[in-house]
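Read off the chains here:
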Amino acid sequence: MVAVRQSPFGGMVPSVDDRLLPAVNGALSEDTWLYNGNAIGIAAPKTLMALQSTTSKVYRIPNNYTDSGHISDSVWMEFAHADTDVLRSQVVNDTFDRYYWASPNTVPRYAPLATIKAQAPNVSGFILGIPAPLGTLVAVPSGGASATLKSVSYVQTFVSAYGEEGSPSNPVVLAGVKIDATVTLTLLAADPGDLGTNRNLTKKRIYRTVTATSGVTTYFFVAEVAVATTSYADNAAVSTDAVISLNAQLQSTNWIAPPSDLQGFVSLSNGMVVGFRENELWFCEPYRMHAWPAQYTLVTEYPIVGIGVANQMLVVATQGFAYTATGINPGSVNLVKQPGLLPCTSRGSVVSTTRGVFFSSQLGLILISSAGVAIATKELIRKDRWASLVAVNTLRGAVLGDSYFAFGQARFGVFDVLSFDTTAFAQQDFGDARRGILIDVSNASVAFNLQTSEDPVTNLQTDAWSGEVFIISNSNLLWLDIGDQTQTRHTFKWRSKIFQIAEKKNLQAMKVFFNENPTYPISKVQDPQIPVMTAAVTSGVTMDSPSPVAGFEPWRASSAPDGDAWVPSSGLPKFFTTKFSAAKVISSYQVGCPALPASPVVAPKTWTLEGSNDGVNYTVLDTRTNQPGFSSGETRIYAITASSQAAYLYYKFNVTAAQSGTQVGLHDFQLRQPKLGIVRVYANDKLVMTRELISSGEQWRMPSGFKADFWQFEVESGVEIRSLQAASSAKELETV
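Residues numbered from 1 in each chain as written. Predicted model: local features only at pLDDT ≥ 70, side-chain atom pairs only at ≥ 80, totals over all residues. Heavy atoms only, no water.

A. Inspection of the pattern of salt bridges at higher detail. A complete count under the given rule lists 32 salt bridges for this structure. With a closest N to O distance of 2.8 Å, R624 and D622 form a salt bridge. Between E634 and R636 there is a salt bridge; the shortest N-O distance is 2.9 Å. In this structure, a network of salt bridges that share partners links the residues K150, R208, D234 and D241. (Salt bridge = Lys/Arg side-chain N within 4 Å of Asp/Glu carboxyl O.)

Here you go:
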């Protein structure tokens, strides 16, 4: 008996040849969720809310409940930079409920919850750190009856409305002052911008020295006054050294603000927060986020890309070596350089998990934990495949269940906007932002999976309160809710290993079992209906237009060579038609930019797709206006609303505006038909059968007249596939 059975279904292992894969793993796994052993599409993200067009990061603060069931009942902060880090105060029972954020495009800032609620979503808050008063106090002694003289110094500090104290002013030193004299101080004024706008300074504190019998001089607290106070009289006859020395000592001598170019930060235990800039690690004073003493700073050999936390260990990913750091307070942190160059390729790829800290490198996905350093994907994928399958330089990751889930991000061009026509070509490359990965390094069955997105992904992030994954795309906040069994799922594509059967035979019968009654709305597979065109008429499909230009005819919009394209004569509007041998319902279509040097200029910008059954009277099915610029060779898929879908014999693509000028060009054009699922069978690497899924367990007769040693099966589906079976006869199929 010669038979093949595929169940369960597993992810990819690109490091292994397709013929040598374990039986469970597949040669291709795209948009799948394989944790129950069946092949099913990953949940489609839900739209939570619309965002501002400039938003690349959000932070959620729950109003009442922190769980995922109350996500919408929250205050939302929006940030322009995807690499913005937000932390909550670690002070126990912080009456102000302060939040802090650091970003590459602004100075570190913070705000109490009341301010956040008042300003959200664009929270400016206050600049983090309390400045030292500029200048030196003016001190004038007077009075006093004692013949005993002393030397005394005074300093002043500023204090915020939240009790945060900054470093002191320059000291004023007085010699030969009577011990019971009154010293009148002219206090230093705060910057007007720091009185509620840039910062929220409300107090001044005054300290003076007391010299112990040992000769040690210490600053002790004298008084706290309102920030508007201009002078203070210190009566030493009342506030004697004995009285003053019972007060608190000056603690903030080295409490400077964090660097203005702090790129980001993470929190550790014991109230510690670590930030970074260039090749420097900065630490705040424990539980005092406004104070960042310079003496705590540590340096790395290479510039820092990102930082993460594994249990109580800091992990530092740089452009060269990786580092780990441990310690119970900032003054005792031990920084250790890990062996071997492991350059981090993307800050967004740095993800802290219960297993350790993951980040992307050219070698694969790196995992640093208390157990050491490992290339987590070493057994899954080789270096060359990693670079080709993964957007390593723009990767943005998050924790999704037990997996590492990541997408690439749009690339921005580098040019002088004053020297170029910015409407003439694509300023961003969205190619990487439409491809992603799902990797579970602890589950050999799930392994490695590709992910796709029709819309470019701006950012991925894990919600700090619920652990849920948020996606920002097309100025919308999406929630990837894998726990909702009623949520629409993506269609997926899964291809088996290449099976080498015991003897060269023809497999004649086949069955596919799937869930016919899912709890979620079924997404249909978008099956391409235009073949690879080799002429104006190919396999019953005709593509035509008025006065086509030789060498750039409409059929070349759907031909194989990258250099081919439909490029009509100059002038708009321009259109071409696609005629089928029988009317078809089309639910989506694909538009591509030619892979030519000047192609982004000629890519379409505004168009309609229309349908007709007589080639004369057309109905508009879809309209797209002012579409963003394409990159060379980029393709996009557009859905047609269900209410506009009907069976048509002719389809017209009508372009009314190009990205620039009046010349239009198009490649990779495709019209797609909705289907429950499609199964493809390959024998000796040749496609021998394509069947549509209609009924679960339906027995199919497979093509005959040939024998093959190697067989491979591919399923593209919107429903959950439970098993796939094939045998050399119908009788043998019953025993599989």
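B. Just the side chain of Q627, in detail. Turning to its location among the elements, Q627 is positioned in the loop between β49 (619–624) and β50 (635–639). Here the side chain of Q627 touches Y638 through a polar contact of 3.5 Å, side chain to side chain. Here Q627 is in contact with K605, W607, R636, Y638 and Q659, once residues within four sequence places are set aside. (Helix = DSSP H or I, 4+ residues; strand = E, 2+ residues; numbered from the N terminus. Polar contact = N/O pair within 3.5 Å; in protein donor to acceptor, adjacent residues only side chain to side chain. Contact = heavy atoms within 4.5 Å.)

C. Looking closely at the side chain of S252. Along the polypeptide, S252 turns up in the loop between α2 (241–244) and β19 (264–267). Once residues within four sequence positions are removed from consideration, S252 is found in contact with T157, E165, G166, S167 and P168.

D. Structural detail: the sheet that holds strand β11 (residues 126–127). One open sheet accounts for four strands, arranged β8-β9-β10-β11; its pairing is antiparallel. Two strands close off the open sheet at either side, each with one partner strand: β8 (85–88) and β11. As paired strands, strand β10 (residues 106–112) and β11 are joined by two bridges and run antiparallel to one another. Each bridged residue has a counterpart across the sheet, and for Y110 the counterpart in β11 is F126. (Pairing = 2+ DSSP bridges.)

E. Representation of the sheet that holds strand β28 (residues 357–361). The strand order across the open sheet formed by four strands is β27-β28-β29-β30, and the pairing between neighbours is antiparallel. The outermost strands of the open sheet, each flanked by one partner alone, are β27 (351–352) and β30 (372–375). In terms of strand pairing, strand β29 (residues 364–369) meets β30 through four bridges, oriented antiparallel. Considered in β30, the bridge of S369 is made with G372.

Taken by themselves, the reported measurements are silent on function.
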